[in-house]
Structures are given as structure tokens and as C-alpha cells.
Amino acid sequence: MQLTTRCNKGLFHGNGVSAWMYPPVHRILGWVTRPSKLSLKRNVWRLDQIKAITYNEVLVMGEAADSDQATINRFPTLLDAVLLNRNGEKIANIADLIFDTKTGNILYYLVSRTNPKLPGTSRWRFDLNRIIDQQNGCAYSNIQTLDE
């Protein structure tokens with residue numbers, strides 16, 4: 001499910017595209033939205049502009065920075081990254097994350113063994129200390145299977 005974004009004035013600012021993150025330290029820096037399906041424009045919101053997150057909506061305050069999809073694609077992220085075991089074999093995809101809204105620190109990731117975009121896909125908690133190395137689109141773990 002995609003989260004919609006509204007400001008403190010009640011205005012709709014589009015659906016969420018992705019979390020703006022800094023993977024080396026497992027921290028969220030902000031939120032990226034797509035104000036229109038017909039536009040390439042993207043809005044980037046800093047973490048301190050996010051005032052609340054509900055079940056289906058992100059509430060923001062202030063003005064977003066304008067960007068575009070080409071720039072957003074260059075942001076490093078572990079969302080949708082392949083999770084590899086200690087032998088370099090794929091064991092899951094990083095589907096989502098849970099973070100502290102005050103500091104931006106990611107508390108843990110949620111991983112999926114199958115395509116995380118399919119409804120009803122199971123997700124498992126994956127602790128940060130299990131990631132030993134990372135590159136954009138790929139995370140290496142120190143485990144053999146998710147059952148560990």
C-alpha cells in the first residue's frame with residue numbers, strides 16, 4: 001500500500017515514492033512524493049518536516065524541495081535491495097523498514113522471500129547487525145537462511 005502525503009493545510013501532495021535514506025548508517029533523511037502521475041516532478045521532504053505517519057498517510061509541514069525522478073534514482077537506498085546470505089546467494093528482498101521518527105534511525109528492516117509488491121506477501125523482521133556489507137541494490141548478511 002502506498003502512503004499518501006498531506007500538509008498541515010490539508011493539501012494533497014501525492015503518493016509516496018520512496019524513503020530518502022543514508023544506508024551506511026541505516027538512517028532515514030526524509031520522504032519523496034510524486035504529486036502527479038503525469039509529471040516527472042518529485043517533492044522531497046526532510047525528516048524534520050514529517051509531523052506524523054498514520055496507517056495510510058504521511059503528514060508534513062512546510063515546503064518541499066523540488067526534484068525529478070532521475071535525481072531520485074541516484075539516491076542510495078536499501079529498499080527493494082536483494083539480501084544475500086554469507087555464500088552470496090539470494091535469500092530475500094528488503095521490502096520495508098521501521099524507523100524512529102525523531103532521529104531517523106532505522107530500527108530494523110522487513111524482508112520478503114518472494115516479490116514484496118504482491119499483496120499478502122509475508123515479511124520478516126531483519127536486524128541491522130545482520131548486515132555486514134552493502135551496495136546500492138544489494139545487502140550482504142552474515143546468516144545462511146532467514147530461519148537463523
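Residues numbered from 1 in each chain as written. Predicted model: local features only at pLDDT ≥ 70, side-chain atom pairs only at ≥ 80, totals over all residues. Heavy atoms only, no water.

S.K.: Which residues make up the sheet that holds strand 13 (residues 138-141), and what are the values?
M.R.: The 6 strands lie next to each other as 11-10-9-8-13-12, forming an open sheet whose pairing is mixed. With one partner strand each, in any of the chains shown, strand 11 (124-127) and strand 12 (131-135) form the two edges of the open sheet. Recorded for the sheet is a direction-independent mean angle of 40 degrees between the axes of neighbouring strands. As paired strands, strand 10 (residues 106-112) and strand 11 are joined by 4 bridges and run antiparallel to one another. When the sheet's bridge partners are listed, V111 is paired in strand 11 with W124. (Pairing = 2+ DSSP bridges. Helix = DSSP H or I, 4+ residues; strand = E, 2+ residues; numbered from the N terminus. Axes fitted to C-alpha atoms, helices over the stretch in contact; angles between N-to-C directions.)

S.K.: Mind laying out the sheet that holds strand 6 (residues 57-60), listing which residues take part and the relevant values?
M.R.: Taken in spatial order, the 7 strands line up as 5-6-1-2-3-4-7 in an open sheet, and their pairing is mixed. The two strands at the open ends of the sheet, each matched to only one other strand, are strand 5 (50-53) and strand 7 (65-68). With direction set aside, neighbouring strand axes in the sheet form an average angle of 40 degrees.

S.K.: Talk me through the packing of aromatic side chains; I want residue IDs and the actual numbers.
M.R.: Aromatic ring pairs are defined here through the distance separating the ring centres and the angle between the ring planes. Evaluated as defined, the whole model comprises 1 aromatic pair. Sitting over the face of the ring of W124, R113 holds its NZ or CZ atom 4.7 Å from the ring centroid. (Phe/Tyr/Trp six-rings, centres within 6.5 Å; stacked < 30°, edge-to-face > 60°. Lys NZ or Arg CZ within 6 Å of the ring centre and 35° of its normal.)

S.K.: Lay out unusual backbone geometry in plain terms, naming residues and giving numbers.
M.R.: We note that H26 has phi near 50 degrees; this positive angle belongs to a residue other than glycine. With respect to the secondary-structure elements, H26 resides in the loop between strand 2 (12-22) and strand 3 (27-34). On the accessibility criterion, H26 (12% relative accessible area) is buried. Not every positive phi belongs to a glycine, and D80 is a case in point at roughly 70 degrees. You can see D80 is positioned in the loop between helix 1 (69-73) and strand 8 (82-84). For D80, a relative accessible area of 48% puts it in the partly exposed group. (Buried < 20%, exposed > 50% of the residue type's maximum accessible area, 1.4 Å probe, protein only.)

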